[in-house]
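Working through the structure, step by step
The lines below spell out each chain.
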Amino acid sequence: MTDGRLDLYRLPEESLRSIAAGDARAPELRLLRSAQRSHLLLVLRSLVEHGGVARARPPRVGAVASAEAAWRLLAAVQRSDPGAVDAVLADPMVMAWAMRLLRRLRGVGRGAAPSAASSAAPLWADVGQLYALAAAAALRAGRDAVVGVPAHRGVVWVPGAGAVGPLSARRWSGAEVRVSAHGAVVRGEGGEVRLPRDLGESAPGWHPLPVLWDAAPWSDEPGAALCFDTVTPYRDFVVSPRAPVRMAGRRSGLWRERVAGACALLARESPADAVRLAALVRVLVPRAFAASTRGQVASSSSPDAFGAVTLSLPYDEAQMAATLVHETRHQQLNALLSLVPLVREPGAGGGRPLHYAPWRSDPRPVHGLLHGVFAFAGVTRFWRLHREFVTGDEARRADFEFAVFRDQVREVAAALLAGAELTAAGRLFVAEIAAAAEGWVKEDVMAEPARLAAHYCALRRAVWRARHLEFDGTVARRAAAAQAAGEAAPPLPGSRLRPRPDAIRTDTFGHVVRLHLGTPDEFARRWRRADAAGDVVIGAECAAVAGDADGAARRYAAWAEAAPGDVEAWIGAVLADPGRSAAGELLLGRPEAVAAVRRAAAAEGAAPPGPLELAEWLRGAVAAPGGDSGDSGWSGDSK
């Protein structure tokens with residue numbers, strides 16, 4: 001499929017700066033796409049040449065019955081109709097399948113255990129998808145061919161187009177794709193399906209990928225479209241293969257409306273983002289996520305599936321648009337990282353430090369931090385632009401989102417630049433993001449959204465510390481004894497990272513804020529329901545969001561009484577107090593230290609002092625040499 005020559009990809013510094021600043025233009029977008037296509041071709045060639053592929057043939061074969069024969073058919077189709085092969089290889093799930101298979105074959109070859117993301121398919125079926133690529137290309141080109149392919153639960157994958165079946169009741173079986181001048185037929189052990197000439201049309205037994213957005217006006221690629229995938233077997237980034245799922249008409253219609261509305265919003269308010277979306281994202285894969293009803297969205301991209309995004313259904317068009325911008329940024333960075341190393345490799349035997357990422361509840365390695373800061377810089381810019389197009393409640397919500405993300409991006413960019421984990425190119429990349437964030441700080445935001453954004457960012461920072469940083473137990477016991485004896489507080493050493501995924505709870509404060517700003521009536525109902533049910537957590541957060549300091553104080557006190565060890569109640573109470581004391585500031589800055597000393601005091605059998613009383617006493621401590629200054633990076637296991 002190539003003439004044997006290998007070209008080197010070169011990314012000029014100007015292009016690196018443009019991508020970092022969120023201003024990737026057509027040449028940069030074409031370069032990223034081209035590099036990913038070359039990567040895929042190299043992976044496919046590696047598969048064809050792997051001995052394990054030659055030995056793993058489907059049990060039922062047609063005229064194309066080997067990897068080399070499939071490759072020759074692909075090459076022949078490319079020579080006569082390159083667009084047909086391009087359409088097949090543009091399916092992100094081709095790369096997802098190919099990368100998993102290559103890792104599987106290499107693992108089997110070394111005698112290694114299968115990875116957590118390895119396929120549950122028999123090897124012959126995984127290998128057989130290479131024949132499915134050849135069949136799909138012949139089908140698009142109308143080239144005579146007979147190809148044996150695997151069927152999962154009777155369903156045959158047609159890469160780049162959709163799926164056929166079911167043609168069998170068995171978990172795995174063989175099928176045959178026959179293409180001739182009379183059309184195309186897929187035959188399985190339980191029947192056959194004749195495919196329509198136009199693969200975009202539905203037909204009995206044929207399930208095309210529905211188009212959610214015609215991206216052609218925004219793309220330099222012919223036929224560019226954003227499709228919806230509920231049928232292909234490799235659409236899940238974690239588990240494969242997956243059987244097709246049926247989505248009810250009403251739910252499917254809601255997805256169509258929301259995506260179409262979001263794309264129209266981007267085209268209207270941020271055309272450059274619409275261009276990047278059209279250039280880099282090909283497929284949306286729906287996923288279930290219960291918290292979507294609380295205003296959160298689960299979305300992800302994978303370097304193994306360039307052009308695919310999995311996501312739960314956002315609650316409105318603006319959130320859908322922000323999510324698409326966010327994931328388009330991940331697509332850019334995934335492709336960029338295959339060309340330019342932005343993060344230094346760790347030294348021999350050294351692990352990577354973990355960091356505070358404001359948009360995550362768990363500690364993250366620098367690669368995750370880099371992805372986050374770049375993606376959320378795009379989201380920040382989206383909300384900055386969106387607030388110019390909206391009024392009323394939607395404008396208040398947009399101001400809040402903009403204020404939150406600009407603060408978080410600025411904080412993380414500064415932390416990355418202060419560390420030593422970036423390459424020279426990585427520092428240049430992050431410096432561009434930091435420069436944009438510094439400019440955003442100067443922009444005005446309405447008073448109430450600004451107050452709530454500052455509260456929210458401080459809350460997430462302090463709660464993360466309380467969950468994942470551990471204060472030295474010996475020092476805590478010594479401090480508790482000194483406090484009980486009426487002595488001065490000893491110096492406070494730094495804390496060490498101890499990730500506690502079990503301590504993470506779903507963020508509800510952000511949801512409450514968004515209800516308050518965007519749908520005040522729903523916020524009022526939620527508050528009434530919380531108080532009626534005795535839900536002191538939501539009740540306290542609602543009072544804090546509404547600016548009811550007295551009501552918040554009562555409810556946070558009730559929360560702390562019901563859960564004496566829940567540091568989040570202490571943090572919330574401090575943040576809701578408009579007359580915050582210096583002791584309150586210390587509690588926000590070192591909540592894990594206050595909590596550790598208080599636990600040590602309680603362990604001695606005496607009633608421990610209140611959190612603020614203890615924080616006031618600890619204020620007299622002088623930080624020990626090397627003490628924790630609030631930096632976001634700590635050494636830890638990042639595997």
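It should be noted that the structure appears before, not after, this text.
Residues numbered from 1 in each chain as written. Predicted model: local features only at pLDDT ≥ 70, side-chain atom pairs only at ≥ 80, totals over all residues. Heavy atoms only, no water.

In this section: the side chain of Arg 397. Mapped onto the secondary structure, Arg 397 falls in helix 12 (residues 392–418). By relative accessible area, which is 3% here, Arg 397 ends up buried. Of note is the side chain of Arg 397, whose polar atom sits 3.2 Å from the side chain of Glu 394. (Helix = DSSP H or I, 4+ residues; strand = E, 2+ residues; numbered from the N terminus. Buried < 20%, exposed > 50% of the residue type's maximum accessible area, 1.4 Å probe, protein only. Polar contact = N/O pair within 3.5 Å; in protein donor to acceptor, adjacent residues only side chain to side chain.)

Let us look at helix 20 (residues 567–576). Extensive coverage of helix 20 is indicated by the burial of nine of its 10 residues. Inspection of helix 20 places Val 567, Glu 568, Ala 569, Trp 570, Ile 571, Gly 572, Val 574, Leu 575 and Ala 576 among the buried residues, and these make up the whole buried set. In this fold, the buried residues of helix 20 make contact with helix 14 (447–468), helix 18 (536–546), helix 19 (549–562), helix 21 (582–589), helix 22 (591–603) and helix 23 (611–618). The residue sitting at the N-terminus of helix 20 and contributing the capping side-chain oxygen is Asp 566; that oxygen lies 3.0 Å from the backbone nitrogen of Glu 568. (Contact = heavy atoms within 4.5 Å.)

Strands belonging to one sheet form pairs held by backbone hydrogen bonds; the direction of such a pair is parallel or antiparallel. Spatial ordering of the open sheet is given by 2-3-7, a layout of three strands whose pairing is antiparallel. Two strands bound the open sheet, and with one partner strand each, they are strand 2 (156–158) and strand 7 (206–208). Neighbour to neighbour, the strand axes of the sheet diverge by 20° on average, direction disregarded. Of the pairings in the sheet, the one linking strand 2 to strand 3 (residues 162–164) comprises three bridges and is antiparallel in character. Directly across from Trp 157, in strand 3, lies its bridge partner Ala 163. (Pairing = 2+ DSSP bridges. Axes fitted to C-alpha atoms, helices over the stretch in contact; angles between N-to-C directions.)

Formed by 132 residues in total, the largest nonpolar core has its most connected members in Leu 284, Leu 336, Trp 383, Phe 429 and Ile 571. At 11 residues, helix 12 tops the list of elements feeding residues into this core. With sequence-adjacent residues up to four places away left out, Phe 429 is seen in contact with Leu 16, Ile 19, Ala 20, Leu 333, Leu 336, Leu 342, Leu 370 and Phe 374. Core analysis: the next-biggest nonpolar cluster, separate from the first, contains 64 residues, Ala 67, Trp 71, Leu 74 and Trp 206 among them. (Core = buried A, V, L, I, M, F, W, Y, C linked by side-chain atoms within 4.5 Å.)

As a further point, take the packing of aromatic side chains. Overall, the coordinates contain 12 aromatic pairs when judged by the stated rule. Seen in terms of ring centroids, Phe 382 and Trp 383 are 5.1 Å apart; in terms of plane orientation they differ by 70°. Their pairing is edge-to-face. Each member of the pair, Phe 382 as well as Trp 383, carries the same accessibility label: buried. On the numbers, 5.7 Å between centres and 20° between planes, the contact of Tyr 556 with Trp 559 is stacked. In this pair, Tyr 556 and Trp 559 are both assigned in helix 19, three residues apart and thus about one turn of the helix distant. For the residue pair Tyr 556 and Trp 559, the accessibility class agrees, reading buried in each case. Clustering of aromatic rings is evident, with ring pairs tying together Trp 359, Phe 376 and Phe 405. The lysine or arginine in question, Arg 329, covers the ring of Phe 374, its NZ or CZ lying 4.5 Å from the ring centre. (Phe/Tyr/Trp six-rings, centres within 6.5 Å; stacked < 30°, edge-to-face > 60°. Lys NZ or Arg CZ within 6 Å of the ring centre and 35° of its normal.)

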